[in-house]
Amino acid sequence: MKRIAVFTSGGDAPGMNACIRAVVRGAVYHGLEVFGIRRGYNGMINGDIFQMTSHSVSNIVQRGGTILKSARSKEFMTPEGRQKAHEQLQKFGIEGLVAIGGNGTFTGATLFFDEFGIPTVGAPGTIDNDLYGTDHTIGFDTAVNTALEAIDKIRDTADSHDRIFLIEVMGRDSGYIAIQSGIAGGAELVMVPEVLTPISEVVNILQQGFNRSKSSSILVVAEGEEEGSAKEVAEKIKVMMAGQDLDMRVTTLGHIQRGGIPTAYDRILASRLGLGALEGLMNGEKNVMAGIINNELVYTPFRDTIRLPKPINEDLLRMVKILSV
């Protein structure tokens, strides 16, 4: 393999730039030509491809977002779109790809290989930490710390005004951000998509707090919670606790969790995964994601990362119940 390309796709995540840097500098070190593809699969289709050097990735390890930009591509999910992408890669003589992204990115790479035989090794770039095959994904640690900073500040207000705050964090299909920021922030309850938490249980926990003269509470709600958004959960609580003088507020953190300077952990993780993805590609790996499990570099087939769920650690859920007493 002489020429490879790297791209980012899907939602951005802090640490993606560190991962790009590791791929580019690793390629230079190993004597490969390396190209960047802007705006993910859309850029591949449109030929937005350029050669990168070690200098191309100078001074980016500390930056959030992605210098290669990111986009979701409906056109790439069509045979015609993938044909255009393949023709563009042929023009540049690109023989393999490093894809930094999540499920959608790896689904596209799998289809691309099945049709044109272009091997891809992925690096898990998503703040949700929802990919099977790695203990942590790039950007997750930064997102947790961003959420935690907000929770800490909101708790000051909750305590000052004797209020109940429901804080909604990202996690459409995964409660990892909610559970870890909730534990670190001392939340009274965490609601996640993986475990059904009836409103009656929420009300019971709040009532127990009132009985212990607790004047404020923090509830962390993942956006994919089955009972609904934090706003919907708040409305249901009000209905069930009608007659009680509740001072309740809702805060949705939203996309603030995706941005910002990556933590040291995310920079190191991203660098390790970027280099692991590149060297895996060089060693003949294809259609796999580079991940870290128990501090060891592993490769998991894309089909498993896409198909298999990543369950929440039961010990973490148990911790919330014990520590909120």
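As a reminder, the structure under discussion sits directly above these lines.
This text gives an overview of the structure that appears in the document. Every value quoted in this text rests on a predicted model; they were computed, and no experiment measured them.

Focus: the environment of Pro14
Locating Pro14 in the fold gives a position in the loop between strand E1 (3–8) and helix H1 (16–29). Classification of Pro14 by relative accessible area gives buried; the value is 0%. Here the alpha-carbon distance between Pro14 and Leu317, two residues 303 residues apart in the chain, equals 26 Å. Sequence-distant contacts of Pro14, defined by excluding residues within four places in its chain, comprise Ile127, Ile138, Gly139, Thr142, Arg258, Gly259, Gly260, Pro262 and Asp266.

Focus on helix H8 (residues 230–240)
Buried residues of H8: Ala230, Val233, Ala234 and Ile237, and no others. Looking straight down H8, one finds that the buried residues subtend no more than 100° of arc, so they occupy a single side. Turned more than 90 degrees from where H8 packs its buried face, Lys231 and Val239 sit exposed. Considering only its buried residues, H8 is in contact with strand E6 (164–169), strand E7 (189–191), helix H7 (199–211), strand E8 (217–222) and strand E9 (248–252).

Quick word on the pattern of salt bridges
What the rule picks out here adds up to 16 salt bridges. Notably, a salt bridge pairs Asp12 with Arg258, separated by 3.7 Å at the nearest N-O pair. Taken together, the positions of Asp12 in the loop between E1 and H1 and Arg258 in the loop between E9 and helix H9 (264–282) put the pair 246 residues apart, joining distant regions of the chain. Take Asp12: its relative accessible area is 25%, and that puts it in the partly exposed class. Via salt bridges that share partners, Arg38, Arg39 and Asp48 belong to a single interconnected network.

Here's the deal with the sheet that holds E7
Pairing is parallel in the open sheet, where four strands are placed in the order E7-E8-E6-E9. Each of the sheet's edge strands pairs with one partner strand only, and the pair in question is E7 and E9. Ignoring which end each strand starts from, the neighbouring axes of this sheet average 20° apart. Inspection of the sheet shows E6 paired to E9 by five bridges, in the parallel sense. Residue pairing for E9: Ile167 is matched across the bridge by Thr251.

Focus: a nonpolar patch on the surface
Taken together, Met319, Ile322 and Leu323 make up a surface patch of nonpolar side chains, about 290 Å² in accessible area. Using a relative accessible area of 33% as the deciding quantity, one classes Met319 as partly exposed.

A look at the packing of helix H6 (residues 176–184) against helix H11 (residues 314–323)
Contact geometry for H6 and H11: axes closest at 10 Å, N-to-C directions at 40°. Of the two possible hands of crossing, H6 and H11 adopt the one that is left-handed. On H11, the residues touching Ile179, Gln180 and Ile183 of H6 are Leu316, Leu317, Met319 and Val320.

Let's talk about unusual backbone geometry
In this structure, Asn287 is a non-glycine residue whose phi angle is positive, near 55°. Position of Asn287 relative to the elements: it lies in the loop between H9 and strand E10 (288–293). Here Asn294, not a glycine, exhibits a phi torsion of approximately 50°, which is positive. Here Asn294 shows up in the loop between E10 and strand E11 (296–301). What makes Asn294 exposed here is its relative accessible area of 67%.

Brief notes about the sheet that holds E1
The strand order across the open sheet built from seven strands is E3-E2-E1-E4-E5-E10-E11, with neighbouring strands paired in mixed fashion. In this open sheet, the two strands that pair with only one neighbour each are strand E3 (49–52) and E11. Direction aside, the axes of adjacent strands within the sheet are offset by 30° on average. When E1 meets strand E4 (residues 96–101), the two strands line up parallel, connected through five bridges. Residue pairing in the sheet places Ile4 in a bridge with Gly96 of E4. Helix H3 (residues 79–92) contacts E1, strand E2 (33–37), E3 and E4 of the sheet and is inclined by roughly 35° relative to E3.

Describing the environment of Val98
Structurally, the position occupied by Val98 is in strand E4. For Val98, a relative accessible area of 0% gives the class buried. Val98 sits 155 residues away from Leu253 along the chain, and the two C-alpha atoms are 31 Å apart. The contacts of Val98, once residues within four sequence positions are left out, are Ala5, Val6, Phe7, Val23, Val121, Ala277, Leu278 and Leu281.

Calculation rules
- All residue numbers here refer to positions counted from 1 along the written sequence of the relevant chain.
- Reporting of local features is limited, given that this is a predicted model, to residues whose pLDDT is at least 70; pairs of side-chain atoms are given and counted only at 80 or more, and all residues count toward the totals for whole chains, interfaces and linings.
- Hydrogen atoms and water are omitted, and side-chain values are computed over all heavy atoms in the structure.
- Each helix is a run of DSSP H or I of at least 4 residues and each strand a run of E of at least 2, with the numbering of both proceeding from the N terminus.
- Only protein chains enter the accessibility calculation, which uses a 1.4 Å probe; a residue whose area is less than 20% of its type maximum is buried, one above 50% is exposed, and one in between is partly exposed.
- The contact definition used throughout considers only heavy atoms, calling two residues in contact when any of these lie within 4.5 Å.
- The directions considered for the arc run from the helix axis to the C-beta atoms.
- Any carboxyl oxygen of Asp or Glu that lies within 4 Å of a side-chain nitrogen of Lys or Arg is treated as forming a salt bridge with it.
- The criterion for strand pairing is that DSSP finds at least two bridges linking the strands in question.
- To define axes, lines are fitted to C-alpha atoms, for helices over the stretch in contact only, and angles between the resulting N-to-C directions are given on a 0 to 180 degree scale.
- Note that patches include only residues with greater than 30% relative accessible area and no salt bridge, and the join distances are 9 Å for like charges and 5 Å for nonpolar side chains (Val, Leu, Ile, Met, Phe, Trp, Tyr).
- Exposure was quantified through the Shrake-Rupley algorithm and a 1.4 Å probe, taking into account, for residues, occlusion by the shown protein chains and nothing else.
- Crossing handedness follows the turn of the near helix against the far one: under a right angle anticlockwise gives a left-handed crossing, and clockwise gives a right-handed one.

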